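Overview (structure and organization)
Below are the chains, spelled out letter by letter.
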Amino acid sequence: MAKKKSIKTNVARLLDAARIPYTLIEYPVDEEHLEAQHVADSIGEDINQVYKTLVMRGDKTGLIVGVIPGNREIDLKKAAKASGNKKVEMIHMKELLPLTGYIRGGCSPIGMKKPLPTYFQQDCMEWPQIYVSAGQRGLQVYIAPADLVGYVGGTISDITADSAS
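Everything in this summary refers to the structure shown in the same document.

Rules behind the numbers
Residues numbered from 1 in each chain as written. Predicted model: local features only at pLDDT ≥ 70, side-chain atom pairs only at ≥ 80, totals over all residues. Heavy atoms only, no water. Helix = DSSP H or I, 4+ residues; strand = E, 2+ residues; numbered from the N terminus. Rg over C-alpha atoms; globule rule 2.2 N^0.38 Å. Buried < 20%, exposed > 50% of the residue type's maximum accessible area, 1.4 Å probe, protein only. Contact = heavy atoms within 4.5 Å. Pairing = 2+ DSSP bridges. Axes fitted to C-alpha atoms, helices over the stretch in contact; angles between N-to-C directions. Arc of directions from axis to C-beta.

**Examining the overall build of the protein**
Counting its regular elements, the protein contains five helices and eight strands. Along the chain direction, N to C, the helices and strands of the protein fall in the order α-β-α-β-β-α-β-α-β-β-β-α-β. Its C-alpha atoms give the protein a radius of gyration of 15 Å, near enough to 15 Å, the size a compact globule of 165 residues would have. When its C-alpha atoms are laid out on the principal axes, the protein stretches across 45 × 35 × 35 Å. Out of the 165 residues in the protein, the part that is buried amounts to 45%. Counting only contacts in the protein whose residues sit at least 6 apart along the sequence, the fraction spanning at least 24 positions is 62%.

**Examining the sheet that holds strand E1 (residues 23-26)**
Read across the open sheet, the three strands follow the order E1-E7-E6; overall the sheet is antiparallel. Each having just a single partner strand, E1 and strand E6 (130-133) make up the two edges of the open sheet. In this sheet, adjacent strand axes meet at a mean angle of 35° when their direction is disregarded.

**Some thoughts on helix H3 (residues 76-83)**
The complete set of buried residues in H3 reads Ala79, Ala80 and Ser83. The arc that holds the buried residues of H3, viewed along the axis, is 100°, so those residues lie on one side. Structural note: H3 exposes Lys77 and Lys81 on the side pointing more than 90 degrees away from its buried face. Packing partners of the buried residues in H3 comprise strand E2 (51-58), strand E3 (62-69), strand E4 (88-90) and strand E5 (118-121).

**Here's the deal with unusual backbone geometry**
Of note in this structure, arginine 19 is not a glycine but carries a positive phi near 55°. Positionally, arginine 19 belongs in the loop between helix H1 (10-17) and E1.

**As for H1**
Regarding H1, the residues found buried are Val11, Ala12 and Leu15. Looking down the long axis of H1, one finds its buried residues gathered within 95° of arc, a one-sided arrangement. Looking at the buried residues of H1, the elements they touch are E1 and strand E7 (139-143). Looking one or two residues beyond H1, the residue adopting positive phi is arginine 19, at roughly 55°.

Take it as geometry only, folks, not as evidence of what the structure does.
In structure tokens form, the structure reads like this:
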């Protein structure tokens, strides 16, 4: 593990520059278990409050981002409709780093290589704060969803397969 010092990821630097309050939360990384449930268990939080960042490609708009609760699946038809596409598909894992600057398990909606249209599952607004990746494995940002959505210029929409909470 890295030396214990003040961790400042690009995500943290961007939020600091924008004067948006947040908390960085470290957790142990398990390369075999990069899913959101492991993150939620590691930090002792409700999986519904731990959000994952998914990157998709639309047939009309190109790349888009979906930010959804860790225990839910993206509904590609709903994501397409929300983003003005006829269809969207998940990008291949090998495309993630070159397109976003992030690796699997460390993809954040903040600070991608280029700003991308970002869609947040509407339930996120029910929480005072949510967790999203801080841009590297083992680190989450705890942030008010309204601040996050506003910072990335996101859109609130119903984009998951099961919208029950």
